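Here are the chains, one letter per residue:
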Amino acid sequence: MGKATVQLADWRSLARIIKRSDGILEVLDARDPLGTRSPRVEEMARAFDKKVLLVINKSDLIPRSVAKAWLEYFSSHNVNAVLVSSLKGYGKGTLKAELKRMSQDNVSTFCVVGYPKTGKSSLINMLKGYKSAPVSKVPGSWGYTKSYTVYRVASNIYIIDTPGTIPVEGDELESVIRGKSPEELYDPVKPAMFLLERAMKYNTNSVVEAYGIVERDPYRILEELAAKRMWIYKSTHEPNVEEAARAVIRDYHRGKLWFFVPPP
């Protein structure tokens, strides 16, 4: 089976969907909500006078106190936000209640947008109560959403699932590691090193916990990881740091390389 290429929504098509919707659900990764937030999507929503709800997904991957702090942060900026964990089923009732409040008992359609791998499809599955939307853990793997699909999640509430989008104004690292599968990256080493630096900045023991490696230099970490897993180039007998880099990016998506960014 071949690899599926990550398909990003073009802004013109996304604008048409937003215009037709009654509100926007912008799905963020709880480990880095601001890094996975799209100012351009929110500007579009405001231009069409649409309501925006930030859905902070994967909240099970951060401490409860930090999750609460993120809600307080967005509230202080007059932004509506809810916490969910689509895989754990946490926050479903709160989210549905907020959708009903936003719809004001009218038939309403909400557009679900966000970066690839923030958990949009699994969020829709959670709202529906059973699996039907494609779900995958790593960008570019099978199950990735490639088209617009409408789902009914309550008697008067409909959800439009969209392909993930990467805004130009987005976080540089998140844009790279979410925009393509690790196998498609021309140079996976640079973003992997950046990712390791960020991981160790916010969780000093992240690399030790994930790989049992005490080294602090990002490139040396990749070398040690490659050697540890016997990823060696046959021609030069040098460690295959590119394969190690891809593994690091995959491990972040799967939650093995664990860290989170606290609110400003």
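This section reports on the structure supplied with the text. (Residues numbered from 1 in each chain as written. Predicted model: local features only at pLDDT ≥ 70, side-chain atom pairs only at ≥ 80, totals over all residues. Heavy atoms only, no water.)

## Looking at the pattern of salt bridges
Within the structure shown, the criterion is met by eleven salt bridges. Measuring nitrogen to oxygen at the nearest pair gives 2.7 Å for the salt bridge that ties glutamate 223 to arginine 220. One end of the pair is glutamate 223 and the other is arginine 220, both in helix α9 (residues 218-228) and three residues apart, which spans about a single turn. Judged by its relative accessible area of 19%, glutamate 223 falls in the buried class. For glutamate 224, the salt bridge goes to arginine 220, with nearest N and O atoms at 3.7 Å. Of this pair, glutamate 224 and arginine 220 both sit in helix α9, four residues apart, roughly one helical turn. In this structure arginine 220 comes out as partly exposed when scored by relative accessible area, which is 37%. (Salt bridge = Lys/Arg side-chain N within 4 Å of Asp/Glu carboxyl O. Helix = DSSP H or I, 4+ residues; strand = E, 2+ residues; numbered from the N terminus. Buried < 20%, exposed > 50% of the residue type's maximum accessible area, 1.4 Å probe, protein only.)

## A look at the layout of surface pockets
By volume, the second largest pocket is sized at about 240 Å³. Along the walls of the second largest pocket sit Arg37, Glu42, Arg46, Lys50, Lys51, Val52, Asn78, Val79, Asn80, Arg101, Met102 and Gln104, which together make up its complete lining. The set of elements that each furnish at least two residues to the lining of the second largest pocket consists of α2 (39-47), β2 (51-57) and α4 (92-103). By residue class, the composition of the lining of the second largest pocket is three nonpolar, three polar and six charged. (1 Å grid on protein atoms, 1.4 Å probe; cavity = no way out; pocket = protein on both sides within 12 Å on 5 of 7 lines; lining within 4 Å. Points joined across faces, edges and corners; volume = space filled by probe spheres on them. Nonpolar A, V, L, I, M, F, W, Y, C, P; charged D, E, K, R; others polar.)

## Comments concerning the pairing of strand β1 (residues 23-29)
Where burial is concerned, most of β1 is hidden: seven out of the seven residues are buried. Neither face of β1 is open: one carries Gly23, Leu25, Val27 and Asp29, the other Ile24, Glu26 and Leu28, and all of them are buried. Bridge analysis of β1 against β2 gives seven bridges, and the strand direction is parallel. The partner of leucine 28 across the bridge, within β2, is isoleucine 56. (Pairing = 2+ DSSP bridges.)

## Points about the packing of α4 against helix α5 (residues 120-128)
Running from N to C, α4 and α5 cross one another at 85°; their axes reach a closest spacing of 10 Å. Put simply, α4 runs roughly perpendicular to α5. Packed against α4, whose contacting residues are Lys92, Leu95, Lys96 and Leu99, the element α5 presents Leu123, Met126 and Leu127 at the interface. (Axes fitted to C-alpha atoms, helices over the stretch in contact; angles between N-to-C directions. Parallel < 35°, antiparallel > 145°, perpendicular 65-115°, else oblique. Contact = heavy atoms within 4.5 Å.)

## Remarks on helix α10 (residues 241-253)
Its 13 residues give α10 an end-to-end C-alpha distance of 19 Å, which sits within 8% of 18 Å, the value for a rise of 1.5 Å per residue. Turning to α10, its buried residues number three or more, namely Val241, Ala244, Ala245, Arg246, Ala247, Val248, Ile249, Arg250, Asp251, Tyr252 and His253. Its buried side turned inward, α10 meets β1, α6 (172-179), α7 (189-202), α8 (206-211) and α9. One or two positions beyond α10, positive phi appears at glycine 255, with a value near 85°. (Expected span 1.5 Å × (residues − 1).)

## Details of the environment of valine 214
Inspection of the secondary structure assignment puts valine 214 in the loop between α8 and α9. Residue valine 214 is classed as exposed on the basis of its relative accessible area of 67%. Taking the C-alpha atoms as reference, valine 214 lies 9.8 Å from glutamate 224; in sequence the two are ten residues apart.

## What about the packing of aromatic side chains?
Here the structure, examined in full by the defined rule, presents five aromatic pairs. Judged by centre distance (5.7 Å) and plane angle (25°), the rings of tryptophan 70 and phenylalanine 74 are stacked. Here phenylalanine 74 and tryptophan 70 lie together in helix α3 (residues 64-76), a separation of four residues that amounts to about one turn. Since its relative accessible area comes to 1%, tryptophan 70 is described here as buried. Owing to a relative accessible area of 0%, phenylalanine 74 belongs among the buried residues under this scheme. With centroids separated by 5.3 Å and ring planes inclined at 70°, the aromatic side chains of tyrosine 73 and phenylalanine 74 adopt a geometry described as edge-to-face. Against the face of phenylalanine 194 rests arginine 198, its NZ or CZ located 5.4 Å from the ring centre. (Phe/Tyr/Trp six-rings, centres within 6.5 Å; stacked < 30°, edge-to-face > 60°. Lys NZ or Arg CZ within 6 Å of the ring centre and 35° of its normal.)

## Points about the sheet that holds strand β5 (residues 149-154)
Here six strands make up an open sheet; going across it, the order is β3-β2-β1-β4-β6-β5 and the pairing mixed. Each edge of the open sheet carries a strand with a single partner, namely β3 (81-83) and β5. Pairs of neighbouring strands in the sheet enclose a mean axial angle of 30°, with direction left out of account. With three bridges connecting them, β2 and β3 associate as parallel partners. Counterpart to valine 55 in the pairing with β3 is valine 82. Where α4 meets the sheet, it contacts β1, β2, β3, β4 (108-114), β5 and β6 (157-161), and its direction lies at approximately 175° from that of β2.

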